[in-house]
Each structure stands twice: as structure tokens, then as C-alpha cells.
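Per-entry structural report
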Amino acid sequence: MPIRIGSKRAVFVCGALVLLVGGLFGRTLRHDFVNLDDDKYVYQNRQLLAGGSESLRWALTSVELRIWAPATRFSFIVDRALYGVNPAGFHGTNVALHAASVVLVFLLAFRIGRSRTGAWALAAFWAVHPLNVEAVAWVTARKDLLYLFFTLLASVVYVDHLRQSSGRKLAWVWLWGALAMTAKPAAVVLPVYLLILAWVEGRNPRRRGVELFPLFLFAAGVSAVTWWAAHEGAFGRPEFVPLAERLGRAPVFVVDYLRRFLWPSGLCASYPSHGLHYGPVRVLASGALLGGMTLAFFLLRHRSRLPLGGWMWFWVGLAPTLDLVQGGQQLLADRYFYVAGLGLIGAGWGLGDLALRPTGLSTKWRRTWPIAVAVGVAGLGVLSWNQVSTWRDSQSLWRRALAVTEGNDQAHINLAVDLDQTGRFEEARAEAEAAVAIRSTFLAHYALGNILVHLNRRDQAKQEFETTLRLRGDMVEAHINLGAILGSEGKMEEAEQHFRRAMELDPRSARAHFNLGLLLQHQGDEPRARREFDRALELDPTFDEARAQLGPR
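These numbers were taken from a predicted model, which means no experiment stands behind them. The residue numbering used here restarts from 1 in each chain and proceeds along that chain's sequence as written. With the structure being a predicted model, the display of local features is reserved for residues of pLDDT at least 70 and the display and counting of side-chain atom pairs for 80 or more, all residues being used for whole-chain, interface and lining totals. To get the side-chain values, all heavy atoms of the structure are used, and hydrogens and water are removed first.

This part covers the overall build of the chain. The secondary structure listing takes helices from DSSP runs of H or I that are at least 4 residues long and strands from runs of E that are at least 2 residues long, numbered from the N terminus. If you tally the helices and strands in the chain, you get 28 helices and 0 strands. In terms of C-alpha radius of gyration, the chain reaches 26 Å, essentially the compact-globule figure of 24 Å for 553 residues. In terms of its C-alpha atoms, the chain occupies a principal-axis envelope of roughly 90 × 50 × 40 Å. Under the scheme applied here, a residue whose accessible area is under 20% of the maximum for its type counts as buried, over 50% as exposed, and between as partly exposed, the area being computed with a 1.4 Å probe on protein chains only. Looking at the chain residue by residue over its 553 residues, the buried ones come to 54%. Contacts were defined at the residue level, with two residues in contact if any of their heavy atoms lie within 4.5 Å. Long-range contacts, defined here as pairs at least 24 residues apart, represent 70% of the contacts in the chain between residues at least 6 apart. The atom set for the radius of gyration is the C-alpha atoms, and the globule formula is 2.2 Å times the number of residues raised to the power 0.38.

Listed below in C-alpha cells is the structure:
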């Protein structure tokens, strides 16, 4: 007997899925933050910690890390109000969002599927797949969690709208769709997702495009803001890669995700993106494989639309991450699979549904396949359990990345930063020097410079900051740190030039104003120094060092 939504059996399945997620990811509540953007978004973000209107302004207007995501940042504000800066609360919200999305996956699959137990199988596979660990265990991946949560809400309501047209339901679709796009700009593909669902449901996508026009319009606006943030933000323009090369490596990237989906080994938080130049044989082989799979799904469309529909969802979900339009900082990441991979699992579900029809496998196999599903889910769960443990803190995260990749300068840098912050300066220096040896980037030299300051090797640190600025002249923190060293050497004019350059690059840099204030104070110009301390405190009300310099009022 099929499950009816609202029946006791449906409630039992939803409860079981929530328990599955809680059992697998609940231990992340004991994990710490990691220094992969968690510092920038949460525990060192002065705008978030300030609270009130300052936090709201940050949520609505910030384009830090080349991304405009007000819904995600607002969720951090809520967590900050509820839990302070306790990582357990932030991790708990991530787990709750993943559990809610798993339930929505089940509800959506039930609405569009034909199998009695296929819906729970799809939801269970997706809930525990190791490629999804990054999105759940990493606090900053909240944007991916919210993106999928709102996308699924829009999808479930839209399928209901397709079957019983309702202006109220369509309005909810628009709302959930807009929230998805403000959670993560990659959600601009959501209107296309809805057209795929309409096609799977046997509706004409062309006719349905009109009612989704508001979402297409909103997507265009979000795309424009995202393009601006990627090219004009603090990181500057991305390194140019010819379009032909980007088109050539895109199918290789897709095949790599397929490989990780079928054989999820060697997963980590950061894959080296430099040197991704593939030969023509690999490009052509990848293109031929993907072309053959697409043709096979297309030929099956008359028997079932689910395989081709899921395959299209997978491609549409990956499209914003394939660097066809340059802007992203990372080319390959497990979290990119989080939304796109749902379509891949859906395509597999559709193929399984075809195989289990009366003309397919025997009755014996149709009765025993749920056992095979349970075994598969258990196997994936074991892999995910091990993967979750690598996210418990920064050192575990980056040591894992170094163990499964080669030439990973970013992992060396982030490990060096964490070791530096915990006082293990010599170990940190070794990691930073390893990063520089792999690739002489401004981030590697900047990290090494900070470590050398802590080792009281200021001459060497100065050289590293100068190299940083030669490689990236608009790095605000490098100007400030170099200015501080020059000031300690008595080179007041040069130091002031660096502080003022930092303020030109970032007028809201409280630290630049504070350091200039210290310089002026050292020169005996107390009135101007107090103005700089005042400005630093105005920009950052949590800046206790500036408040201490101003004294009681």
C-alpha cells in the first residue's frame, strides 16, 4: 500500500530520516569552528559581533568573499542572538536545516515518483552521502543548506501548483525562490529547476515560463550583483583563463563529480585548483562519456522522464560552479554537489524504478531490493561518519587535505595560520614556507610574514609583507602590518603612507585608523590621534583597544 502524505507511515518515515541525520551529524555539535571562512563570517566578524543595526547593515550590504548572501548572513545574526559565539549552536542549526531538507526531499520525491519506497530510498541515500558532509559539518556552508531548503520548499509547492493551479501557491513559490537566491547566488538557476519539474510532470515548460517570469527577473538582478562582487570586491578580479580552456575542462570537472559520487574517496575541504590543464584525450573522453549518458537518458524519456529530468537537474546545478563565467575562488568543492547531486540521485532512482517494473527484474528482486538499499545507505553512512570527524577543528581539516592531495598550498597556509594562532610558531613557519615553495602567492607570503612577526624576526617579516604587496597591492592587512613594522623602525612617514593607503582601499578599516592613531600618538599629536581612535571605535564598537586609548569619558 503506498504511503499517503499525512499518514502514520509517512510520519514514521520522516521521523526515521530525521533520526538518521541526527545520528550521523549530531556529533558536529561538539566540533569547533574552522579557519575556512568561519572566522570571516562568524567568530572574528566584528560586524556580526557588534549586533543591532551594524549587523543588519552587514547582512544586507556585505559582499565579503565575492558573495552577496543576505539570507545566510541574517541566519548567522539569529544564531549569534541565540547562542553567542558558541559553535555548538551554529552547528546545530546546520544539522536541523539538513534534516528539514531531507524530509522535503522525501515529500518531493513522493509527489513526483511512482515507487512505493523509492521516495524514502532517495532521501536516505542523499541524507548520508559523503559528498554532502562538507555542506553540513562546515558552518560557513550555511548558504548551501539554505539554498537547498528554500529550493525544495519552492519545488514542493510548485508541483502542487502544477496539479491544482493556485495564485497563492505561485506567490509562495516566488517567495521561497527569492529567499534561495539571497541565501546563495548560485540559486539563480532555480527557475530552470522548476521548469524541469514541470516537464517531468508532463506540462509544457514554455507555457510555464510566463508564470515564473518574476523569478527569472530576480535571478538576473542577483547575477548582476554577483558579477560585480566577483570583479570589484576585496579580492580583485580573478585570474583570466581563456574561454576555450574553461569550456574544455568543464566536462572533466563533471566527470570528476561523477567519480566522487560513485566512489567517494579522497574527499577533503580544499582541492588544489592551480595547474588544472587537461590534455585533449581526457577532455574528449569526458565529453564522449557525458554525451553518451545524455543520449541514453534522452532515449529513455518515453518510458520515464525521471532519469533525464534528474540528469538535467544535475547539470543545471553544477553550471554556476564550472567557471564558465569567471568569478569563483574555488573550482572544485564537495559542497557544489549538495544541490546538484540531488538530481543525480534522482536520475538513478528513475533508472531503478524502470528496472523494477513488471517488464524488468523478477518479483524476487523487486521484493528484496529495499534490503540492498539499506545496505548501501549503511555503507555510505560509515564513510560519512569518518568524513565528519575530519571537520572537528582546523588542524584535523587541513591535515586531512594534505594527506589526500599533493601540492595543496592552501591547506599548508590554513594549517600554518591555525598553528600560529595556537602559539606553535616554528611549526607554523614550516607550513607557510611549504606553501611558498609550492606556489608564491600573496596569501602564502602574508601568512609567513605574520608568523615571522610573532617569532620577532621583523626584518624577514617586512620582506614578506613587501612581497605580498608586490603580488597584490590592494591587500589592506598587508599595508597595515608593513606600516606597523616601519613605525617601530622610526620610519614614520612611510608608515603613515601605508596606513592611509589601507584606509583608501577600505574606508571602514577600524584597524587602519587605530594604527594611525598609535603612530600620531607616538609623534606627540594627541588631538589627531584621538580623532583616529574615535573613528576606529565608530567603525567598530567592539574595538576595545581603541576604547582603552581614549580612556574614560
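Further notes follow.
This next bit is on unusual backbone geometry. One non-glycine residue, Asp-37, adopts positive backbone phi at about 75°. Residue placement: Asp-37 occurs in the loop between α1 (8–25) and α2 (38–43). Its identity as a non-glycine residue notwithstanding, Asn-456 has a phi of 60°, on the positive side. Relative to the helices and strands, Asn-456 resides in the loop between α22 (442–454) and α23 (458–471). A relative accessible area of 60% means that Asn-456 is categorised as exposed.

Pairing between side chains of opposite charge can happen when their charged atoms approach one another. A carboxyl oxygen of Asp or Glu within 4 Å of a side-chain nitrogen of Lys or Arg is what we treat as a salt bridge. As enumerated under the stated definition, the model contains 26 salt bridges in all. When the shortest N-O distance is used, the salt bridge between Glu-134 and Arg-335 registers 2.8 Å. Taken as a pair, Glu-134 in helix α8 (residues 133–137) and Arg-335 in the loop between α16 (306–318) and α17 (337–355) lie far apart in primary sequence, 201 residues in all. Taking relative accessible area as the criterion, Arg-335 reaches 9% and is therefore assigned buried.

Structurally, His-412 can be placed in helix α20 (residues 409–421). What makes His-412 buried here is its relative accessible area of 16%. Beyond its immediate sequence surroundings of up to four residues, His-412 is in contact with Leu-402, Glu-431, Ala-434, Ala-435 and Ile-438.

Moving on, we come to the packing of aromatic side chains. Centres within 6.5 Å are what make two rings of Phe, Tyr or Trp a pair, Trp counting through its six-membered ring; a difference in plane orientation under 30 degrees is then read as stacked, over 60 as edge-to-face, and the rest as tilted. In this structure the tally under the stated criterion is 18 aromatic pairs. When the ring of Phe-514 is compared with that of Phe-533, the centres are 5.6 Å apart and the planes differ by 50°; the resulting orientation is tilted. Taken together, the residues Phe-514 in helix α26 (residues 510–522) and Phe-533 in helix α27 (residues 526–539) connect sequence positions 19 residues apart. In this structure Phe-514 comes out as buried when scored by relative accessible area, which is 10%. Among the aromatic residues, ring-to-ring pairing joins Phe-33, Tyr-41, Tyr-43, Phe-76 and Phe-90 into one connected group. Here the guanidinium or amino end of Arg-260 rests over the ring plane of Tyr-271, the centre of that ring lying 3.9 Å away. Placement of a charge over a ring requires the Lys NZ or Arg CZ to be within 6 Å of the ring centre, with the centre-to-atom vector within 35 degrees of the ring normal.

A word on the confidence of the model for the chain. Scored between 0 and 100, pLDDT is the confidence that the predictor attaches to each residue. A residue-level look at the chain finds 92% of positions with pLDDT of 70 or above and a mean pLDDT of 89. When pLDDT is averaged over each element of the chain, α8 comes out on top at 97 and helix α3 (residues 46–50) at the bottom at 81.

In this analysis an axis means a line fitted to C-alpha atoms, helices contributing only their contacting stretch, and an angle means the value between N-to-C directions, from 0 to 180 degrees. Between helix α9 (residues 142–163) and helix α11 (residues 190–200), the least distance of the axes is 10 Å, while the angle of their chain directions is 35°. Two packed elements cross with a definite hand, and for α9 against α11 that hand is right-handed. Mapping the contact onto sequence places Tyr-147, Thr-151, Ala-154, Ser-155, Tyr-158, Val-159 and Leu-162 in α9 and Leu-190, Tyr-193, Leu-194, Leu-197 and Ala-198 in α11. The sense of a crossing depends on the near helix, which, turned anticlockwise from the far helix by less than a right angle, makes the crossing left-handed and, turned clockwise, makes it right-handed.

Given 3.6 residues per turn, any residue in an α-helix points the same way as the ones three and four places further on. Taking 1.5 Å of rise per residue, 20 residues should cover 28 Å, and helix α14 (residues 243–262) covers 29 Å from first to last C-alpha, within 8% of that figure. The bend reported for a residue corresponds to the angle between axes fitted to the seven residues ending at that residue and the seven starting there. Considering bend angle alone, the principal kink of α14 is centred on Arg-249 and spans about 25°; proline Pro-251 follows within four residues of it. Helix span, as expected, comes to 1.5 Å for every residue beyond the first.

On to the side chain of Thr-140, then. Within the secondary structure, Thr-140 sits in the loop between α8 and α9. The buried category is assigned to Thr-140, whose relative accessible area is 0%. Identification of polar contacts relies on pairs of N or O atoms within 3.5 Å, with a donor-acceptor requirement for protein atoms, meaning one able to donate a hydrogen and the other able to accept it, and with residues adjacent in sequence counted only if both atoms are side-chain atoms. Reaching out from Thr-140, the side chain makes a polar contact with the backbone oxygen of Asp-37 at a distance of 3.5 Å. With near-sequence residues (within four places) excluded, Thr-140 lies in contact with Leu-36, Asp-37, Asp-38, Tyr-41 and Phe-76.

Time to look at the nonpolar core. What we call a nonpolar core is a set of buried Ala, Val, Leu, Ile, Met, Phe, Trp, Tyr and Cys residues that are connected through their side-chain atoms within 4.5 Å. Ranked by size, the top nonpolar core spans 157 residues in total, and within it Phe-314 and Trp-391 carry the most contacts. It is α9 that provides the largest number of residues to this core, a total of 14 residues. Ranked by size, the runner-up nonpolar core spans 13 residues in total, among them Tyr-41, Val-42, Ala-69 and Val-139.

Mapped onto the secondary structure, Gln-387 falls in helix α18 (residues 363–389). A relative accessible area of 7% places Gln-387 in the buried class. Linking Gln-387 and Pro-130, residues 257 residues apart in sequence, is a C-alpha distance of 6.9 Å. Setting aside residues up to four positions removed in sequence, Gln-387 forms contacts with Pro-130, Val-133, Leu-267, Cys-268 and Arg-400. From its side chain, Gln-387 meets the backbone oxygen of Leu-267 in a polar contact 3.4 Å long.

Now for the environment of Gly-348. Here Gly-348 lies in helix α17. Classification of Gly-348 by relative accessible area gives partly exposed; the value is 39%. In the structure, Gly-348 is positioned 179 residues away from Lys-169 in sequence and 30 Å away in space, judged by C-alpha atoms.

Note that Gln-521 resides in helix α26. Overall, the relative accessible area of 26% leaves Gln-521 in the partly exposed class. Measuring from C-alpha to C-alpha, the distance between Gln-521 and Leu-82 comes to 40 Å, with 439 residues separating the pair along the chain. Once residues within four sequence positions are removed from consideration, Gln-521 is found in contact with Glu-526, Ala-529, Phe-533 and Gln-549.

Now for the packing of helix α5 (residues 70–83) against helix α6 (residues 87–112). The geometry of α5 relative to α6 is characterised by a closest axis approach of 9 Å and an angle of 130° between their N-to-C directions. The angle between the axes of α5 and α6 places the two elements in the oblique class. Considering only the axes of α5 and α6, their crossing is right-handed. Across the interface between the two elements, Phe-76, Asp-79, Arg-80 and Tyr-83 of α5 pack against Gly-89, Phe-90 and Thr-93 of α6. Amino acids are sorted into nonpolar (Ala, Val, Leu, Ile, Met, Phe, Trp, Tyr, Cys and Pro), charged (Asp, Glu, Lys and Arg) and polar (every other residue, Gly among them). Within the contact of α5 with α6, the residues separate by chemical class into 3 nonpolar, 2 polar and 2 charged. Convention used here: angles under 35 degrees read as roughly parallel, angles over 145 as roughly antiparallel, angles from 65 to 115 as roughly perpendicular, and any remaining angle as oblique.

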